[in-house]
Amino acid sequence: MEQTTADRRTSNDAPVAFERFFLPGPTAVRPEVLEAQTGPIIGHRGPEIEELMEELQVGLRTVFQTERPVAVSTSSATGLMEAGIRSGVGRRLLALVNGAFSERFAKIAELCGKPVDRLEIPWGEVHDPDQVRERLAGGDYDTVTVVHSETSTGALNPLSEIAAAVREHDDVFLMVDSVSGAGGAPLKTDEWGLDFALTGTQKALAVPPGLAFGVASERLLQRAEGLPDRGLYLDLVEFYKRLKKRNTPSTPAIPIMYALRAQLERIREEGMEARWSRHREMAERTWAWVDELRDRRSLDVSVLAPQGGRSPTVTCVRLPDDGPDGPAIAGDLRRRGWVIATGYGKLKKETIRIGHMGEQNLERLNALLDVVEEVITQ
Ligand SMILES: *Cc1c(COP(=O)(O)O)cnc(C)c1O
């Protein structure tokens, strides 16, 4: 008899329940949001897609806190990072680097042939707006890239202050990767004067992976028109032309758009302020738990990011030298039916990452932290 995929699963690779899934992306998606994906396939030109796009625009504008139209790209978030670079960097980029994803922004620019300088600080730290000011004064830059919430380290950059520093130069545009920020950490695209802000479906928004969203300022689009190498698939000018007709340059992932519509309705019901508070509470609980582990259990653990510079959506915990490492802890948890992440890249072994974002709540987080404590201290 032919085996189905389900038959072949051992108990160790059966999917983990929503309640026990704390990866910092992709995050757990509510069953009813997953089910929304089974809606009918519609044409990607015409009134049906226009209606769907219009509904999505309303919710997405709230997520980005913007009055601008929001581009919907069928790609992962990295696609819109590349779109921003190709459609935005003319003269020279200053890339603020404090982790793996901010390094990715710099790398993309290099691979697209753009002149790049890095302002690099140790992983886990956050950027100082005055240092950004200093670098901008000494270089001929027209663009700055920054990652809002560095998912590799759990650091949250002081985005509004960095944006203020960049705004002191009329011709320098700020591009923001808020992939693990948007929907969990306050992000105020218009108020902070961001020229490009992007996110993806699968982090704090808790929608299945496969779409990315970006808001470009009018002046960024004007600059883009004069840049020759924007390519075709990721051309922001084309996205915005199509937005006027409420559709997309090429065929979008319609099922994920249905899931997004369902999730945006949930987000609207919860309210952005309440959503930000819920994330903040989960983060504070996690940081307090790390302190308790250190004080009560005498374990040499700490939150990697500094106080005042920590993301509300993901915490990166530095582990003791003499205990189980990141992969051992994540593996042990997985065998017990729970999912967290190891450290990222060069921090893989010495840290673990807990994603307290999307649709998770304090009660389920507390249950997780009890199990992690058992695993770390055994
Ligand atoms: C996950 C993530 C990305 C990459 O997103 P993809 O959707 O996998 O392309 C980029 N930046 C940050 C901060 C992320 O957390």
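Residues numbered from 1 in each chain as written. Predicted model: local features only at pLDDT ≥ 70, side-chain atom pairs only at ≥ 80, totals over all residues. Heavy atoms only, no water.

On to the domain arrangement of the chain. The domain boundaries assigned to the chain delineate domain 1 (5-30 + 271-377) and domain 2 (33-269). Look at where the C-alpha atoms of domain 1 and domain 2 centre, and you get two points 26 Å apart. Around 2,700 Å² of area is buried between domain 1 and domain 2 when both sides are counted, 63% of it from carbon and sulfur atoms. Inspection of the domain 1/domain 2 interface yields 1 salt bridge. A salt bridge links Arg266 to Glu359; the shortest N-O distance between them is 3.6 Å. The interface formed by domain 1 and domain 2 includes 15 residue pairs in polar contact (both at pLDDT 80 or more). If you list the elements that add at least two residues to the side of domain 1 that touches domain 2, you get α11 (272-296) and β11 (314-318). Per-element tally for the side of domain 1 that touches domain 2: the top contributor is α11, with 4 residues. (Domains from an automatic or database assignment. Buried area = accessible area lost by both parts, 1.4 Å probe. Salt bridge = Lys/Arg side-chain N within 4 Å of Asp/Glu carboxyl O. Polar contact = N/O pair within 3.5 Å; in protein donor to acceptor, adjacent residues only side chain to side chain. Helix = DSSP H or I, 4+ residues; strand = E, 2+ residues; numbered from the N terminus.)

Residue Pro26 follows Gly25 across a cis peptide bond; omega there is -10°. Its location among the elements puts Pro26 in the loop between α1 (5-8) and α2 (31-35). Despite not being glycine, Gln65 shows a phi value in the positive range, around 50°. Within the secondary structure layout, Gln65 lies in the loop between α3 (47-64) and β1 (71-73). When its relative accessible area of 29% is taken as the criterion, Gln65 is described as partly exposed. If you check the backbone angles, Ala206 has positive phi at about 55° while not being a glycine. Turning to its location among the elements, Ala206 is positioned in the loop between β8 (196-200) and β9 (212-216). (Buried < 20%, exposed > 50% of the residue type's maximum accessible area, 1.4 Å probe, protein only.)

Counting through the fold element by element, Ser149 comes out in strand β5 (residues 149-150). Overall, the relative accessible area of 1% leaves Ser149 in the buried class. Looking at Ser149, its side chain comes within polar contact range of the side chain of Ser180, at 2.7 Å. A polar atom in the side chain of Ser149 sits 2.9 Å from the side chain of Ser311. Among all residues touching Ser149, those that are not within four sequence positions of it are Ala155, Leu156, Asp177, Ser180, Gly181, Ser311, Thr313 and Val314. (Contact = heavy atoms within 4.5 Å.)

The subject of this paragraph is the site of the ligand. Neighbouring the ligand are 13 residues, the closest being Ser76, Thr78, Thr151, Asp177 and Lys203. Within the side chain of Asp177, one N or O atom sits 2.5 Å away from a nitrogen atom of the ligand. Side-chain polar atom of Lys203 to an oxygen atom of the ligand: 2.6 Å apart, as the coordinates give it. Within the complex, the protein chains bury 89% of what would otherwise be the 380 Å² of accessible surface of the ligand. (Near = heavy atom within 4 Å. Areas by Shrake-Rupley, 256 points an atom, 1.4 Å probe, with all protein chains shown as cover.)

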